[in-house]
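# Chain and residue survey
Here's the letter readout for the chains.
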Amino acid sequence: KNQVEQSPQSLIILEGKNCTLQCNYTVSPFSNLRWYKQDTGRGPVSLTIMTFSENTKSNGRYTATLDADTKQSSLHITASQLSDSASYICVVSVATGANNLFFGTGTRLTVIP
Amino acid sequence: DAGVIQSPRHEVTEMGQEVTLRCKPISGHNSLFWYRQTMMRGLELLIYFNNNVPIDDSGMPEDRFSAKMPNASFSTLKIQPSEPRDSAVYFCASSSLGRSYEQYFGPGTRLTVT
């Protein structure tokens with residue numbers, strides 16, 4: 001069964017600290033994996049998109065990693081800021097099939113001063 | 001670029017009424033997506049258009065839901081009749097490369113059916 005699981009469900013960290021969000025998937029055959037940031041009351045915004053051959057991709061203070069063998073991805077946030085408070089959603093795409101996007105339920109990150 | 005535009009931003013309606021949500025994709029994008037987001041189920045893809053043609057509507061929950069894209073710059077999602085369980089935030093997104101690539105989301109329409 002194609003699934004995307006994210007952990008933790010929620011996380012609270014102090015401003016300036018680093019954190020890592022996890023995404024495990026059982027989706028096959030794999031096409032690509034995306035991380036989105038969704039601020040409260042707004043639509044998701046793409047942070048990174050990685051294909052099978054990519055292990056790491058950075059976008060400013062955000063660094064995503066992908067291990068296609070273990071079917072795991074992580075999103076590392078460095079030197080967190082209050083504006084990082086949001087939900088982070090992992091989305092995996094399969095290479096075939098009619099409904100080929102699988103969504104995680106997200107990690108709710110709260111950065112406190 | 002104004003990004004993806006959705007209207008209305010908020011809609012409150014009574015059960016049984018017809019609801020129409022509207023979306024204007026980013027100019028030049030040839031793929032358009034309708035999503036529904038709830039606390040319980042997260043983001044769900046409802047339907048996907050490519051070059052104004054519905055490609056995949058397997059996510060549409062039932063016949064009460066319908067979507068159209070009469071031209072490259074406009075799409076509607078209609079619910080008739082609406083039910084309380086349809087209450088959710090509905091997002092429209094567009095892409096220039098199809099469903100497997102980066103999608104740009106609109107601000108969403110928060111629908112409340114009482």
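None of these values were measured; they are calculated from a predicted model.

### A few points about the overall build of chain B
Scanning chain B from N- to C-terminus turns up zero helices and 11 strands. Shown N-terminal to C-terminal, the secondary structure of chain B runs as helices and strands in the order β-β-β-β-β-β-β-β-β-β-β. In terms of C-alpha radius of gyration, chain B reaches 13 Å, essentially the compact-globule figure of 13 Å for 114 residues. Reported as C-alpha extents along the three principal axes, the dimensions of chain B are approximately 35 × 30 × 25 Å. With 114 residues in all, chain B has 48% of them scored as buried. Within chain B, contacts between residues at least 6 apart in sequence are counted, and of these 55% link residues at least 24 apart.

### Some details on the state of the cysteines
Overall, the coordinates contain two disulfides over all chains when judged by the stated rule. The disulfide partner of Cys-23 of chain A is Cys-90 of chain A, and the gap between their sulfur atoms is 2.0 Å. In this structure the cystine formed by Cys-23 of chain A and Cys-90 of chain A twists about its S-S bond by roughly -65 degrees; its chirality is therefore left-handed. Of this pair, Cys-23 of chain A sits in strand β3 (residues 19-25) while Cys-90 of chain A sits in strand β9 (residues 86-94), and the two are 67 residues apart along the sequence. In terms of burial, Cys-23 of chain A and Cys-90 of chain A fall into one category: buried. Residue Cys-23 of chain B pairs covalently with Cys-92 of chain B via a disulfide, S to S 1.9 Å. Handedness here is read from the sign of the S-S torsion; for Cys-23 of chain B and Cys-92 of chain B, about -65 degrees, the answer is left-handed. Of this pair, Cys-23 of chain B sits in strand β3 (residues 19-24) while Cys-92 of chain B sits in strand β9 (residues 88-95), and the two are 69 residues apart along the sequence. Take Cys-23 of chain B and Cys-92 of chain B: they sit in the same class, and that class is buried.

### Structural notes on the confidence of the model for chain A
Mean pLDDT over chain A works out to 92, with 96% of the residues at or above the 70 mark. When the elements of chain A are averaged for pLDDT, strand β10 (residues 101-103) of chain A gives the smallest value, 87, and strand β8 (residues 72-77) of chain A the largest, 98.

Quick notes on the rules
- Residues numbered from 1 in each chain as written.
- Chains lettered and ligands numbered in written order.
- Predicted model: local features only at pLDDT ≥ 70, side-chain atom pairs only at ≥ 80, totals over all residues.
- Heavy atoms only, no water.
- Helix = DSSP H or I, 4+ residues; strand = E, 2+ residues; numbered from the N terminus.
- Rg over C-alpha atoms; globule rule 2.2 N^0.38 Å.
- Buried < 20%, exposed > 50% of the residue type's maximum accessible area, 1.4 Å probe, protein only.
- Contact = heavy atoms within 4.5 Å.
- Disulfide = S-S within 2.5 Å.
- pLDDT = per-residue confidence, 0-100.

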